[in-house]
Amino acid sequence: MGKEESPQITRRTTRSSSSTPNPKNGVETTKATESHPPTINDLVFGGEPIKLEELISRFPGRRLQILELLRLLGPLNSPMFPLFLYGGTSTGKTSIILQIFRHLSRPFVYSSCLTCYSPRILFESIINQLLLHRKNANNGYASAKRCERPSDFVVSLREALNSVLNTLKGYSGKSSSKKLAGQINGRMIYLIFDNLELVRGWDKSSSILPFLFELKDILKMPEVGLIFISKVSPDAYYSNTGYTEPIPIHFPFYTEDSLRQIFMRNQENPKLYSSFLDVVLRPFSRITRQVDELSTAFSPLFIKYCEPLSDSGLVANEDMKRKLFSHLQPHLVPALNEIFRVQSQPYPEVEAKQEKAKRKSSANKFGGREAFEEIGFHMSTSAKYLIISAFLASRNPATLDASLFDSTGGSDNRKRKRKSSEKSIEKKETAEQELLMKGPGTFPLERLLAIFQCITSVSESSLDEDQQNNEGLEAGNGDSGLMSDVLLQLSSLCNANFISKGGTCPLEGSTRYRATISEDLALKVARSLKFPLSKYLYRG
């Protein structure tokens, strides 16, 4: 939801939106920076303060989170515990906290671990904002202070915070009772750390993460508030070191009603767009609840939906709605598949054909491994077998696992089942076909690991040959090597949207997964491993 509204930032230039410069107004921004020297007002979100009712109306389905954040931030100049905002992508975490500070007009420092991709850059970004220091050609684009270690950062941070707090105390005494745009309200300063989950991939992350959580106890300054924003839950950051645990605030994915309210905002023809959402919202929301992905999918579909209309401002009646639906229907299935499609060729169509011809001509030089090159991205051997296992678990009924993955390939089982009546066989086939018609199914972790172990044990000879011919793909020694990092690979595949992680089954009490890859990609992965996927795929 962070992209649904782009408020104009008149003073503050340290937001994530300013990290992607606009070439059209780059000269104007430079002139504005030179003409407007940084002041203490730059620590406030630019623009007119907004009222609470407007804040809540801008974010449908987030009333509870907004009110809870306001309660935890507390009255003016009141100390607070660290906060931990977490939730999936495009759930409004960053947008809401920034708009709350716009509503409160309180000073804060925002740093994203996406743009500040190392501890030193993160530390110096915070110090630069507190000291009102801007990198430019005059200072050689250097930071105000160099912070190589956390200890250097603590010393510089204390000095910068004391300087800002002293300025705020003098500023609050001179401020008038009337609340103006950009005027600082209060004598507290808040540090916001966004995209905190990326710190886990940094060097020395095992020491940086506890340090950030301990920062409140290290500083011992009640005038400083800490706010962490992450896409993963607090469970991923547990540490043996003692620190004040931040208060978690969860941002769940939007409900279907909330998504409707979001997409209905600022529409030129609300009735026409509402009829469009009646068609597309429910099937698409079953696949993803991310506003950015849905917005990307809906934009071309709405254009197709309006093609039969001579005027987009018309109000469609029931007959016209049926006509519009019939026109849009052939485009729905390709659009649904496009959401989770992994592009195997990032090149233009002509270049892709030329590249494919070159690979075929040089296939013999590389031992006939052109199938691996067609994938278009690197993936370890264990990850390939894991994604094949997930694909089979999603496409095959669970009742067929024993017959498909036994040591004899299921031939003995088929002989024993000849005595079954034709009626029972027909019922079983009908039930299995109904499962296939429902699309990729979900499966527990235990079933995924069982299939993974079966197909890797069957393909041990292929794995040994693969490890000898391709040194770039290291899967370890035998099956034990593959099983050693299977959970880590599963997490990576979930993050890359090859496998989606669903909710917990109330009957089984375990998390369920679903493979989101197409059969075409699964076949390419299987060919790269010389694995007979069609032999294990149930076709009904």
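Just above sits the structure.
Here's a quick rundown of the structure. The structure presented is a predicted model; accordingly, all values stated were derived computationally and were not measured.

Criteria and thresholds
Each chain has its residues counted from 1, following the order in which its sequence is written. Residues qualify for local features only when their pLDDT is at least 70, as the model is predicted, and side-chain atom pairs are given and counted only at 80 or more; totals for whole chains, interfaces and linings, by contrast, use all residues. Hydrogen atoms and water are omitted, and side-chain values are computed over all heavy atoms in the structure. Numbered from the N terminus, helices here are DSSP runs of H or I no shorter than four residues, and strands are runs of E no shorter than two. Any residue under 20% of the maximum accessible area for its type is buried, any over 50% is exposed, and the rest in between are partly exposed; the area is computed with a 1.4 Å probe on protein chains only. When checking whether two residues touch, look at their non-hydrogen atoms; a contact exists if any pair is within 4.5 Å. Per-residue and other accessible areas follow the Shrake-Rupley method at a 1.4 Å probe size, with only the shown protein chains counted as cover for residues. Should a side-chain nitrogen of Lys or Arg be within 4 Å of a carboxyl oxygen of Asp or Glu, the pair is scored as a salt bridge. By convention, a stacked pair of Phe, Tyr or Trp rings (six-membered ring in the case of Trp) has centres within 6.5 Å and planes under 30 degrees apart, an edge-to-face pair has planes over 60 apart, and any other such pair is tilted. Whether a charge lies above a ring is judged from NZ of Lys or CZ of Arg, which has to be within 6 Å of the ring centre and within 35 degrees of the ring normal. Directions drawn from the helix axis to the C-beta atoms are what define this arc.

### Some details on the overall build of the protein chain
Of regular secondary structure, the protein chain possesses 23 helices and eight strands. Scored against the burial criterion, the 540 residues of the protein chain give a buried share of 43%. Sequence separation of 24 or more characterises 76% of the internal contacts of the protein chain that already satisfy a separation of 6 or more. In the structure as shown, the protein chain presents an accessible area of about 29,200 Å², 52% of it carried by carbon and sulfur atoms.

### A word on the pattern of salt bridges
Throughout the structure, instances matching the rule amount to 13 salt bridges. In this structure, Lys524 engages Asp520 in a salt bridge whose closest nitrogen and oxygen atoms are separated by 3.8 Å. With Lys524 and Asp520 both in helix α22 (residues 519-529), this residue pair falls four residues apart, about one helical turn. Using a relative accessible area of 46% as the deciding quantity, one classes Asp520 as partly exposed.

### Notes on the packing of aromatic side chains
For the coordinates displayed, the defined rule picks out 21 aromatic pairs. Judged by centre distance (6.4 Å) and plane angle (40 degrees), the rings of Phe84 and Phe213 are tilted. Separated by 129 residues along the polypeptide, Phe84 in strand β1 (residues 83-87) and Phe213 in helix α7 (residues 205-219) bring together distant segments of the chain. Each of the two residues, Phe84 as well as Phe213, counts as buried. Seen in terms of ring centroids, Phe276 and Phe298 are 5.9 Å apart; in terms of plane orientation they differ by 85 degrees. Their pairing is edge-to-face. Placement of the pair is Phe276 in helix α9 (residues 270-285) and Phe298 in helix α10 (residues 291-306), with a sequence separation of 22 residues. Residue Phe276 is classed as buried on the basis of its relative accessible area, which comes to 0%. Assessed through its relative accessible area of 1%, Phe298 is described here as buried. Between the NZ or CZ atom of Arg62 and the centre of the ring of Tyr254, over which it lies, the distance is 4.1 Å.

### What to know about helix α3 (residues 63-73)
All buried positions along α3 are accounted for by Gln65, Ile66, Leu69, Leu70, Leu72 and Leu73. Summarising the axial view, the buried residues of α3 lie within an arc of 165 degrees, below the 170-degree limit, and thus occupy one face. Those residues of α3 that are exposed and aimed more than 90 degrees away from the buried face are Leu64 and Arg71. In this structure, the buried side of α3 is in contact with α2 (52-58), β1, α4 (93-104), β3 (189-194), β4 (224-230) and β5 (247-251). Count one or two residues on from α3 and you reach Gly74, which has phi positive near 80 degrees.

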